[in-house]
Amino acid sequence: MFSLSGQRKPEVEEVHRYFTLKGVEDVNVTFEDQQKINKFARNTSRMTELKNEIEAKKKSLQNLQDASDDLMMLDDDSLLIPYQIGDVFVSHSQEETQEMLEAAKETLEQEVKGLEERVSAIQQVLGDLKVHLYAKFGNNINLEADES
C-alpha cells in the first residue's frame, strides 16, 4: 500500500538501529522512522474501516427513514406493525413503532457522529505523520493511497 521510491517494502539487512532504503538515493531509516511509517499504515487502514462502517450505518439510517415515511402513509391506525428486534418480529401499534424507529434513528445518528469524530482525529494524526515523513524522506516515500 505504501512504498518507498515506488518499490515494495525494503528488506532489512541488519537488525541494528539503522536500516538503509535503496531508492533514488540511499536514505537512513531509523527505528523511530519505521515506527512512524507503521503507525501511518495502521491509521490509514483503520480510517478506511471506519469510513466503511459510517457508510453502512448511513445506509441503515436511510432504511429507517424510509420505513418511518412508509409508516406515516398508512391510513389505518388500528393495524399492528411488525418491528424486528434481533431475530424476532414483535407487533406494535403504529405510534409505538414510529417511536421505536425515531429512537433507533437517534442512536444511529449518534454512532455516525462518534465514528466521524474518530475519523477526524485519525486524519489529524495522519497529517502530522505526513509532515514529518515527507520532511525527512521527500520524494523517496509515497504516503498517498493507491487508487487500484
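Residues numbered from 1 in each chain as written. Predicted model: local features only at pLDDT ≥ 70, side-chain atom pairs only at ≥ 80, totals over all residues. Heavy atoms only, no water.

K.L.:
Honestly, the overall build of the protein chain in this entry has me stumped. Any pointers?
P.N.:
Regarding its fold elements, the protein chain presents 2 helices and 6 strands. In the protein chain, the order of α-helices and β-strands from amino to carboxyl end is β-β-β-α-β-β-α-β. Taking all 148 residues of the protein chain together, the buried fraction comes to 28%. Summarising the internal contacts of the protein chain: among those between residues at least 6 apart in sequence, 57% fall at separations of at least 24. By element, 50% of the accessible surface of the protein chain is carried by carbon and sulfur atoms, the whole surface being about 10,400 Å². (Helix = DSSP H or I, 4+ residues; strand = E, 2+ residues; numbered from the N terminus. Buried < 20%, exposed > 50% of the residue type's maximum accessible area, 1.4 Å probe, protein only. Contact = heavy atoms within 4.5 Å. Areas by Shrake-Rupley, 256 points an atom, 1.4 Å probe, with all protein chains shown as cover.)

K.L.:
Please clarify how a negative patch on the surface should be interpreted in this entry.
P.N.:
A surface patch of like charges, here negative, comprises Asp75, Asp76, Asp77, Glu95, Glu96 and Glu99. Along the chain, the position of aspartate 75 falls in the loop between helix H1 (31-72) and strand E4 (81-85). Residue class for aspartate 75 comes out exposed when judged on its relative accessible area of 76%. (Patch = residues over 30% accessible without salt bridge, like charges linked within 9 Å, V, L, I, M, F, W, Y side chains within 5 Å. Salt bridge = Lys/Arg side-chain N within 4 Å of Asp/Glu carboxyl O. Lys, Arg positive; Asp, Glu negative; His and termini not counted. Charge placed at Lys NZ, Arg CZ, Asp CG, Glu CD.)

K.L.:
Explain the pattern of salt bridges to me, please; I cannot follow it from the model alone.
P.N.:
Where charged atoms from two side chains of opposite charge approach closely, those side chains can pair. Scanning the model with the defined rule gives 6 salt bridges in all. Notably, a salt bridge pairs glutamate 49 with arginine 46, separated by 3.1 Å at the nearest N-O pair. Residue glutamate 49 and its partner arginine 46 are both found in helix H1; the two are separated by 3 residues, about one turn of the helix. Residue classification places glutamate 49 among the partly exposed residues on the basis of a relative accessible area of 43%.

K.L.:
For this particular structure, what's the right way to read the pairing of E4?
P.N.:
Within a regular beta strand, the side chains point alternately toward one face of the sheet and then the other, so they alternate between its two faces. Relative to strand E5 (residues 88-92), E4 is paired through 5 bridges, and the arrangement is antiparallel. If you follow isoleucine 81 over to E5, its bridge partner there is histidine 92. The turn joining E4 and E5, which pair antiparallel and follow one another in sequence, is formed by 2 residues; a positive phi near 70° is taken by glycine 86. (Pairing = 2+ DSSP bridges.)

K.L.:
I tried to follow the nonpolar core on my own but got confused; where do I start?
P.N.:
Most often, soluble globular proteins have nonpolar side chains that are buried together. Core analysis: the largest hydrophobic core is formed by 17 residues, its most contacted members being Leu133, Phe137 and Ile141. A per-element tally of this core places helix H2 (residues 94-137) first, with 8 residues. Residues Leu64, Leu71, Ile81 and Tyr83 belong to the second largest nonpolar core, which totals 7 residues. (Core = buried A, V, L, I, M, F, W, Y, C linked by side-chain atoms within 4.5 Å.)

K.L.:
Explain the confidence of the model for the protein chain here, please?
P.N.:
Looking at the protein chain as a whole, its pLDDT mean stands at 83, while 80% of the residues score no less than 70. Taken together, the stretch residues 1-23 has pLDDT below 50 and engages in 41 contacts with residues farther than four places along the chain or on a different chain. (pLDDT = per-residue confidence, 0-100.)

K.L.:
How should the environment of asparagine 43 be read in this particular structure?
P.N.:
Relative to the elements of secondary structure, asparagine 43 occurs in helix H1. Note on asparagine 43: relative accessible area 17%, which makes it buried. Excluding anything up to four places from it in sequence, asparagine 43 contacts Ile122, Val125 and Leu126.

K.L.:
Sorry, what's going on with the environment of isoleucine 81 here?
P.N.:
One can find isoleucine 81 in strand E4. Given the relative accessible area of 13%, isoleucine 81 is considered buried. Separated by 13 residues in sequence, isoleucine 81 and glutamine 94 have C-alpha atoms that sit 6.1 Å apart. Among all residues touching isoleucine 81, those that are not within four sequence positions of it are Leu71, Leu74, Val90, Ser91, His92, Ser93, Gln94 and Thr97.

K.L.:
Help me understand the packing of H1 against H2 in this model?
P.N.:
Packed helices, taken two at a time, are described by their axes: the angle between them and the distance between them. In contact at an axis separation of 8 Å, H1 and H2 are set at 160° when each is read in the N-to-C sense. For the element pair H1 / H2, the angle class is roughly antiparallel. Where H1 crosses over H2, the handedness of that crossing is left-handed. Classifying every residue of the contact of H1 with H2 gives 22 nonpolar, 10 polar and 16 charged. (Axes fitted to C-alpha atoms, helices over the stretch in contact; angles between N-to-C directions. Parallel < 35°, antiparallel > 145°, perpendicular 65-115°, else oblique. Left-handed = near helix turned anticlockwise from the far one by under 90°. Nonpolar A, V, L, I, M, F, W, Y, C, P; charged D, E, K, R; others polar.)

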